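Per-entry structural report
Below are the chains, spelled out letter by letter.
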Amino acid sequence: KDKVVLYKKIPEQQQQSLSQTFNLVCFDKIDENNLEQFLNEIKDAVGLIGAGFKLDKNILKHAPHLKVISTISVGYDHFDLDYLKQHNIALMHTPNVLTETTADTIFSLIMCTARRTTELNNLVRSGAWVNNLKDAYFGIDVYGKKLGILGMGRIGYAVAKRAHLGFDMQVNYYNRSANSAAETNLKAQKMELDELLATSDFVCSILPANQQTDLLIGQRELALMKSSAIFINGGRGNVVDEDALAKALQDRTIRAAGLDVYKVEPLPTSSPLMDLDNIVLFPHIGSATAETRLAMIDCAIDNLVAAYHGDLSKNCVSH
Ligand code: 8YV
């Protein structure tokens, strides 16, 4: 059997299913303590499967026989596609299986920021809750408001569906190409970025990380938003200038923000975002439900086996 190295802890049953096809070597995770050993193991591996560790060229140069990498994630911004193409390594990812769960996470950021639930949860726990709650603690409505989505891909559509069908919201979106399904089914309207920022009650980014999206939302863009508006990021942290966001929240030039992703993860405790009360911070839980994480692992295993047998027709991003 050919060798595959697993670099993330997955359930026993799924490990066994991989062992049926491959000579499987398992690492729960890679860090400085076992990096040397990992580099040694990948020397004769044809495949790698896992998540949570950046496989850059300095790592991959130790794996001259590699044919496929199967990442247990939909995002693949942590890979060097040019290098993978040059070396004929197929990169497989896990779209679709996490779409609805990630949309749920993003919608909960919308709800938590609008209704201030984490802040008020802390109020109850600290014993500071007095009848009747002061107006100063009231939230704002979500239903019927305008939602501006940055990035109308699979997850953007799933957020738009919740907004339109469940919350009677007007959905506008900013995207390279038009999404005709969103326009036809959900009455979504494509807009230029500045107009979307200026008219939305909620601005929600689900953009991937790449050169075009890097720091797309900075001081100028935040200043275009209404002072009553809420900024949500459920895509990638590179999209927003975090210092500019912290300043806008501090100065209340926007109302609040809800983030699931950051420039650096875990978010350093020194971040200016940490001290604000008008922000909800999730620890990158977009796809983190028991069911969805299992579905992602199953998808990544299927992808690995398919690519190993030469089938790159589904979920390959490097060819
Ligand atoms: C994490 C995600 O990468 O799939 C993605 O792109 O952002 C997340 O699901 C995942 O935690 C990696 O296991």
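Residues numbered from 1 in each chain as written. Predicted model: local features only at pLDDT ≥ 70, side-chain atom pairs only at ≥ 80, totals over all residues.

1. Some remarks on helix H11 (residues 242–250)
Basically, it comes down to this: Partly exposed residues are those whose C-beta has more than 12 but fewer than 20 other C-beta atoms within 10 Å; 20 or more makes a residue buried and 12 or fewer makes it exposed, with C-beta atoms placed from the backbone. Every helix listed is a DSSP run of H or I at least four residues long, and every strand listed is a run of E at least two residues long, numbered separately from the N terminus. In this description, one arc is meant: the one made by directions from the helix axis to the C-beta atoms. Residues are scored as being in contact if the C-beta atoms we place from backbone atoms lie within 7 Å.
For H11, every residue scored as buried is listed here: Glu242, Leu245, Ala248 and Leu249. One side of H11 holds all its buried residues, which, seen down the axis, span an arc of 120°. On its buried side, H11 packs onto helix H10 (219–224), strand S10 (230–233), strand S11 (256–259) and strand S12 (279–281). Among the residues trailing H11, arginine 252 stands out with phi positive, at a value near 60°.

2. Structural notes on the UniProt feature "domain: D-isomer specific 2-hydroxyacid dehydrogenase NAD-binding" (unreviewed entry) in the chain
Filter applied, for reference: UniProt positions are given in the numbering used here, feature names are shortened, and annotations may be inferred rather than shown by experiment.
Mapped onto this numbering, the UniProt entry gives "domain: D-isomer specific 2-hydroxyacid dehydrogenase NAD-binding" (unreviewed entry) at residues 108–286. Along residues 108–286, the helical share is 34% and the strand share 15%, with 10 Å between the first and last C-alpha atoms.

3. Description of the sheet that holds S10
Selection criterion: Here the rule is simple: two strands pair whenever DSSP picks up at least two bridges between them.
Pairing in this open sheet of seven strands is parallel, and the strands run S8-S7-S6-S9-S10-S11-S12 from one edge to the other. The sheet is open, and its two edges are formed by strand S8 (189–190) and S12, each paired on a single side. Pairing of S11 with S12, which is carried by three bridges, proceeds in the parallel orientation. By the bridge assignment, glycine 258 is partnered in S12 with valine 280.

4. Some remarks on the pairing of S11
A two-sided burial pattern is seen for S11, the buried positions comprising Ala256 and Gly258 on one face and Ala257 and Leu259 on the other. Here S10 runs beside S11; their pairing, made up of four bridges, is parallel. Bridging from a neighbouring strand, isoleucine 232 pairs with glycine 258 of S11.

5. Describing the pairing of strand S3 (residues 45–50)
With six of six residues buried, S3 is to be regarded as a mostly interior element. Direction of pairing for strand S1 (residues 3–6) relative to S3: parallel, over a ladder of four bridges. Across the sheet, the residue bridging to leucine 6 is isoleucine 49, located in S3. Note that S3 and strand S4 (residues 68–71) share four bridges and pair parallel. What sits directly across from glycine 47, in S4, is valine 68.

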